[in-house]
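Architecture and fold: a report
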Amino acid sequence: MGQKHREKMPQPLSLHLEDNLASLRAAADKRSDMVIRSFHVPTVNQMEYALVYIEGLVDLTSINESLLRPLMSVLSVHDGDSAERFAAIQNCASAAGPTVIVEDMESLWQQIMQGDTVILAQGYRQAVASGTSGGEWRSIAEPTTQNVIRGPKEAFTESLRTNTSMISRRLKSPNLRIQNKIIGEQTQTSVSVLYLEGIADDSVVHEIQRRLDRIQIDGILEGGYIEELIGDAALSPFPTMFNTERPDAVTAGLLEGQIAIVVDGSPFVLLAPVTFFAFFESSEDYYQRFYIASFLRLLRFGAFFISLLLPSLYIAVTTYHQEMLPTTLLVSLVAQREGVPLPALIEAFLMEITFEVLREAGVRMPKAIGSAISIVGALVLGQAAVEAGLISAAMVIIVSFTAISNFVIPSPNLSVTVGLIRFTMMLLGGTLGLYGVMVGLMLLCIHLASLRSFGVPYLMPVAPLIWSNLKDVFIRFPLWSMRTRPDGIAGKNRIRQKKTLKPQPPQPNPGKE
Amino acid sequence: MHEKISAGQLASIVILFQIGSSSLFLLASEAKHDAWISVAIAMVLGMGMLLFVTIPIQSRAPHSDLMEMLTRYFGKYLGFIVGLAYIGYFIYKSVRNVREFGDLVILYLLPGTPLDIVMIVLLAVGAYAIIQGIEVFFRVGQLMLPWLLLIYILLFGLMLISGLVDLKKLLPLFERGWIPVWKAAVPEVISFPFGEMIVFLIFWKHVVRFSDIKKFTLIPYTFSGLFIVLTNMLIIAVLGDLSGAYVIPFMFGTSLIEIGGFLERMDPFVSLLLFGGVFFKQATYYLAAVLAAAELFKVTRHIVVVPVGAVIFVGAKMFKSYMEQIQLGFEHNLKFHFPIFQIVLPIILLLVMVINHGFKRKKEKRQLDAPSNE
């Protein structure tokens, strides 16, 4: 359908205002939010004019005060020829916003849909579109998914321009490039690609542009569409693009040579290329002292492994390798499991699924009945199930600890992936014991090692090993020791800072005694 | 299809491949408590092989792998036959690792599970890695190496702390003289694990910079050799002359660890080491066999992965028992069969190369000289 649309020749504007308005009305048939304001100015030759815009997409005060009023007053005293008059119209339109001259119906529509006001006049094959876009957006609020204790508290909104402005306010470099694209045959969504010239790798920038240009789809409603359509490893459960709602995180990414993709209508901005370890980083790591940040990061990696492996290890050990447990622990576990009718694998599966249901319910449920879930979840499903002898208490502890560990991973989309893989691990642990868990881990490693994000190996600073990049993976080195941008992601400009940034006590001046 | 291996990745796989499972066992157990000396001797001899035969072969044909060299220097037909024999050798090596691992898993971890399933799963993981390509396989090696070394260091430390190590058990040195020590080393320990470096003739051509090969093979080789010597010493220092009696002496040694009443049962870590080590060794041979077969039969790699895996599986099933496998390996293969592939054939290949190059140089010289004579 889209293809056919493209091949059609654009319909040029007619000389007669009435014809143009008629075809506009026909195109906007049953579209009640289109406003056509006709007026005529009583000058020598009695000209007819019309303003066309979509209500709600435009800023009405700016139309009335900055566009219509000066337009009328200028035109009423104007007595030049038709070319001069058109220039006068364009001049007036500039007062309200940037202007574009359109010559066919199709681009006229595009401008109107972007919130422009189009000025049509009798006797011209051209029309002037004036940038009057406005309307209501959600205001800037605190982040809801990526919270920090210390650090900026603002998050992106749904407006593309607000979002890019939040980034450029933080990054005043003249090298910041913001390139716009319109994607989506029906939705005509604006998508901006942001990068720092010289710091981002040119070939990656081209690759992203190329992949974006490839997209032919009816609509883009969220960055997720873009991610799924241009990301690498289409069949992998692991995300190969990072998304964040924090402008400071995007700015930090741009400074490291990443490329940001902002999609109109989505408060989540995509960053690429990305490595696996980026999903363990929080903006706050750089705002706290490096000891604390490093400790927290190690904690997250620990939580990742717990969240991935704990249930499967529990199943494997209690089912196949009881001899590995210390005797007292074994005795107490056996005593607990005595009345439980289910094998450990089924028991763990039930509990894990219950937890996933609870979590999903917690996300989707109306906020007003949110407190009910904690009662149902904690009391009924946890305590009562244990007391009724359906589940062992140890299993409840395991599942709860797993769940809490899962929330420590700062990136929500990775933590869901981990949840998925956990089930596979549990199956392997329940069928092949520790051997199965090891096989699962090995498969996971092979899979992760095979992934790439826009040409960058997913496990980059570790495999392939790049020593200098390891400063910011498991342990965050002090800021003054990270002199260079990450190797392999950043382009030509590598040096971040001067060599001598380590704070030192002032040198005693030998001249003065 | 230009897959590239970095020097660091080559080094990781060399270490993983050399250590493999060999550090868990007592090599050269006939030498009793002098076994570690035998291992050290074998290591030096193996190094000699590497330095004077294997690496010179590669440096004479930097951009070809073993199969290309064989067909080039031995002629089309003889080269094909020798190449086929090498594929068989790689497969057989993989077979031994798979079977050994399967038996040990059943012995220590999963007594009730059928052997077939354990082996199929192991081969499936290997096949998955191989399908992803050389680059990914070597990258996984780089990823896993630090963890395996960390576990080894942890276990060594725990053994030391819990006071199991008694260095007096290593004395007296050369109790029965030089001969048994030498006899234990040659050719058994050279064949396994030190002579096995021959397999890298398949991989070296993929290394990014050819000049790195020597350094990044020899240093890891020395490291892993010393590491094996060290673990051998440790096993003897913990278990004494009896260590030869255990199937996995290292596993038994670690099971003695007990600190403060709660740090005990380190067996899962040892099985992790066993899995990691055997996986890489097995998969390296599997990959080598696949690459060699793809090169020899001029087909794409993906076509060969499953057939080669199936052959390995069937081969692993042929042994009647673990004991038969061990006996065949240590009594016959190490002494008679493996040296053919690890020592005899490479030396012949090198000689042919040297002679060939000599001829060529003379010919070139003559051709160069000819115009000037006119």
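Keep in mind the model is a prediction, meaning the values are calculated, not measured.

1. Concerning the overall build of chain B
The helix and strand inventory of chain B stands at 13 helices and zero strands. Tracing chain B from N to C terminus, the helices and strands come up as α-α-α-α-α-α-α-α-α-α-α-α-α. The C-alpha extent of chain B, read off along each of the three principal axes, is 90 × 45 × 35 Å. Burial statistics for chain B: of 374 residues in total, 49% are counted as buried. Of the contacts made within chain B by residues no fewer than 6 positions apart, 81% connect residues no fewer than 24 positions apart.

2. Considerations on the overall build of chain A
When its secondary structure is counted, chain A shows 15 helices and twelve strands. The C-alpha radius of gyration computed for chain A amounts to 30 Å, which surpasses the reference 24 Å derived for 513 residues by more than 25%, pointing to a less compact arrangement than a globule. A burial count over chain A gives 37% of its 513 residues as buried.

3. Observations regarding the interface of chain B and chain A
The partner chain A presents 22 residues to the 28 residues of chain B that form the contact. For the side of chain B that touches chain A, the secondary-structure elements that each account for two or more residues are helix H1 (7-19), helix H5 (115-132), helix H6 (134-161) and helix H11 (267-297) of chain B. Broken down by class, the residue content of the side of chain B that touches chain A amounts to 17 nonpolar, seven polar and four charged.

4. Observations concerning the domain arrangement of chain A
Looking at the assigned domains, one finds that chain A contains domain 1 (8-130), domain 2 (160-274) and domain 3 (297-456). Once you take the C-alpha centre of each, domain 1 of chain A and domain 3 of chain A turn out to be 63 Å apart.

5. Points about unusual backbone geometry
Both trends apply: most residues other than glycine have a negative phi, and most peptide bonds are in trans. In this chain, A:Ala272 is followed by A:Pro273 through a cis amide linkage whose omega measures -10 degrees. Relative to the helices and strands, A:Pro273 is located in the loop between strand S10 (269-272) and helix H10 (290-319). The peptide bond linking B:Phe192 to B:Pro193 adopts the cis configuration, its omega dihedral lying at 10 degrees. Within the fold, B:Pro193 resides in the loop between helix H7 (178-191) and helix H8 (200-203). A positive phi angle is found at A:Gln188, which is not glycine, with a value near 50 degrees. Tracing the sequence through the fold places A:Gln188 in the loop between strand S6 (176-183) and strand S7 (189-196). Positive phi outside glycine occurs at A:Ala233, with the angle close to 50 degrees. By the secondary structure assignment, A:Ala233 is in the loop between helix H8 (223-230) and strand S8 (242-244).

6. Things to note about the packing of H11(B) against helix H12 (residues 301-318) of chain B
Residues and elements named next belong to chain B. Put simply, H11 and H12 touch, their axes get as near as 9 Å, and they point 130 degrees apart. Classed by the angle they form, the pair H11 and H12 counts as oblique. Where H11 crosses over H12, the handedness of that crossing is right-handed. Touching Tyr286, Ala289, Val290, Leu291, Ala293 and Ala294 of H11 are Arg301, Val304, Val305, Val308, Gly309 and Ile312, all from H12. When its residues are assigned to classes, the contact of H11 with H12 shows ten nonpolar, one polar and one charged.

7. Quick notes on helix H3 (residues 60-77) of chain A
All names here are of chain A. Over its 18 residues, H3 extends 25 Å from the first C-alpha to the last, a length consistent with the 26 Å expected when each residue adds 1.5 Å. Every buried residue of H3 is listed here: Ile63, Leu67, Leu71 and Leu75. On its buried face, H3 is in contact with strand S1 (34-41), strand S2 (47-54), helix H4 (82-94), strand S4 (117-121) and strand S5 (127-130).

8. Points about the sheet that holds strand S9 (residues 259-263) of chain A
Residue and element names in this part refer to chain A. Across the sheet, which stays open at both edges, the five strands sit in the order S6-S7-S9-S10-S8 with antiparallel pairing between neighbours. Strand pairing shows two members of the sheet lacking a second neighbour, S6 and S8, which therefore form its edges. Going from strand to strand, the sheet's axes swing by 25 degrees on average, the running direction of each strand aside. When S9 meets S10, the two strands line up antiparallel, connected through three bridges. Bridged to Ala260 within S10 is Leu271. Sheet contacts for helix H9 (residues 247-255): S7, S8, S9 and S10; angle to S7, the most-contacted strand, approximately 50 degrees.

9. Considerations on the UniProt feature "transmembrane region" (unreviewed entry) in chain A
Residues and elements named next belong to chain A. Those places that UniProt annotates as "transmembrane region" (unreviewed entry) correspond, in this numbering, to residues 298-320, 365-384, 390-409 and 421-449. Span residues 365-384 is 75% helix and 0% strand, its end C-alpha atoms 23 Å apart. With 100% helix and 0% strand, residues 421-449 has its two end C-alpha atoms placed 16 Å apart.

10. A few points about the sheet that holds S5(A)
Residue and element names in this part refer to chain A. The five strands lie next to each other as S1-S2-S4-S5-S3, forming an open sheet whose pairing is antiparallel. Looking along the sheet, the strands with just one partner apiece sit at the ends: S1 and strand S3 (99-102). With direction set aside, neighbouring strand axes in the sheet form an average angle of 20 degrees. Of the strand pairs in this sheet, S4 and S5 are connected by three bridges, and their pairing is antiparallel. Following the sheet pairing, Ile119 is matched in S5 by Val128. Sheet contacts for helix H2 (residues 17-27): S1, S2 and S4; angle to S2, the most-contacted strand, approximately 20 degrees. Its contacts with the sheet place H4 against S3, S4 and S5, and it is angled at close to 10 degrees to S5.

11. Quick look at the nonpolar core
Counting residues in hydrophobic clusters, the biggest one holds 208 residues, and the most contacted among them are B:Val39, B:Ala289 and B:Ala292. By residue number, the principal contributor to this core is H11(B), which donates 18 residues. For this core, the two domains that each supply at least three residues are domain 2 (160-274) and domain 3 (297-456) of chain A. Sequence-distant contacts of B:Ala292, that is, excluding residues within four places in its chain, are made with B:Leu66, B:Met67, B:Gly83, B:Tyr86, B:Ile87, B:Phe90 and B:Ile202.

12. Brief notes about the pairing of S10(A)
Residue and element names in this part refer to chain A. Alternating residues of S10 divide into Val269 and Leu271 and Leu270 and Ala272, and every residue in both groups is buried. For S8 and S10, the ladder comprises three bridges, and the chain directions are antiparallel. From the neighbouring strand, Phe242 faces S10, where its bridge partner is Leu271. Hairpin connection between S9 and S10: a loop of five residues separates the two successive antiparallel strands, and Gly265 in this loop has a positive phi of roughly 95 degrees.

13. Let's talk about the packing of helix H12 (residues 344-364) of chain A against helix H15 (residues 412-450) of chain A
Each pair of packed helices can be described by the angle between their axes along with the distance between the axes. All names here are of chain A. The N-to-C vectors of H12 and H15 enclose an angle of 170 degrees; their axes lie 10 Å apart at closest approach. Viewed along their axes, H12 and H15 adopt a mutual orientation that is roughly antiparallel. Residues Leu345, Ala348, Phe349, Glu352 and Glu356 of H12 touch H15, and the partners they reach there are Gly419, Phe423, Met426 and Gly430. Looking at side-chain class alone, the contact of H12 with H15 contains five nonpolar, two polar and two charged residues.

14. A few points about the confidence of the model for chain B
Of the residues in chain B, 96% reach a pLDDT of 70 or more, and the chain-wide mean stands at 87. Model confidence for the complex is summarised by a pTM of 0.90, with the ipTM given as 0.91.

15. Concerning the environment of A:Tyr320
Tracing the chain through its elements places A:Tyr320 in the loop between H10 and helix H11 (327-337). With 112 residues separating them in the primary sequence, A:Tyr320 and A:Leu432 have C-alpha atoms 8.3 Å apart. With residues near it in sequence (within four places) discarded, A:Tyr320 still touches A:Gly433 and B:Leu110.

16. Considering the environment of B:Val306
Tracing the backbone through its elements, the reader meets B:Val306 in helix H12. Linking B:Val306 and B:Ile213, residues 93 residues apart in sequence, is a C-alpha distance of 30 Å.

Here is what the cut-offs are and how they apply
Counting restarts for each chain: residues are numbered from 1 in the order of the written sequence. Labels follow written order: the first chain is A, the first ligand is 1, and so on. The model is predicted, so local features are restricted to residues of pLDDT at least 70 and side-chain atom pairs to those at 80 or more, both for listing and for counting; the totals for chains, interfaces and linings are taken over all residues. Strands here mean DSSP runs of E at least two residues long; helices mean DSSP runs of H or I at least four residues long; both are numbered from the N terminus. Partly exposed residues are those falling between the two cut-offs: more than 12 but fewer than 20 other C-beta atoms within 10 Å of their own, whereas 20 or more means buried and 12 or fewer means exposed, with C-beta atoms placed from the backbone. Placing a C-beta atom from the backbone of each residue, one calls two residues in contact when those atoms lie within 7 Å. Throughout, radius of gyration means the C-alpha value; the globule benchmark is 2.2 Å times the number of residues raised to the power 0.38. Under the scheme applied, nonpolar residues are Ala, Val, Leu, Ile, Met, Phe, Trp, Tyr, Cys and Pro; charged residues are Asp, Glu, Lys and Arg; polar residues are all the others, including Gly. The start and end points of each domain follow an automatic or database-based domain assignment. Angles here are taken between N-to-C directions and fall from 0 to 180 degrees, while the axes themselves are lines fitted to C-alpha atoms, restricted in helices to the stretch in contact. Orientation labels follow simple angle bins: below 35 degrees gives roughly parallel, above 145 gives roughly antiparallel, 65 to 115 gives roughly perpendicular, and whatever is left gives oblique. Definitions for this section: a left-handed crossing has its near helix turned counterclockwise from the far helix by less than a right angle. A right-handed crossing has that turn clockwise. Here the expected span of a helix is defined as 1.5 Å times the quantity of residues minus one. Strand pairing follows a simple DSSP-based rule, namely that at least 2 bridges must link the two strands. UniProt positions are given in the numbering used here, feature names are shortened, and annotations may be inferred rather than shown by experiment. For our purposes the nonpolar core covers buried Ala, Val, Leu, Ile, Met, Phe, Trp, Tyr and Cys residues that link as a set through C-beta atoms within 7 Å. Summary of the metric used: pLDDT quantifies the predictor's per-residue confidence within the range 0 to 100.

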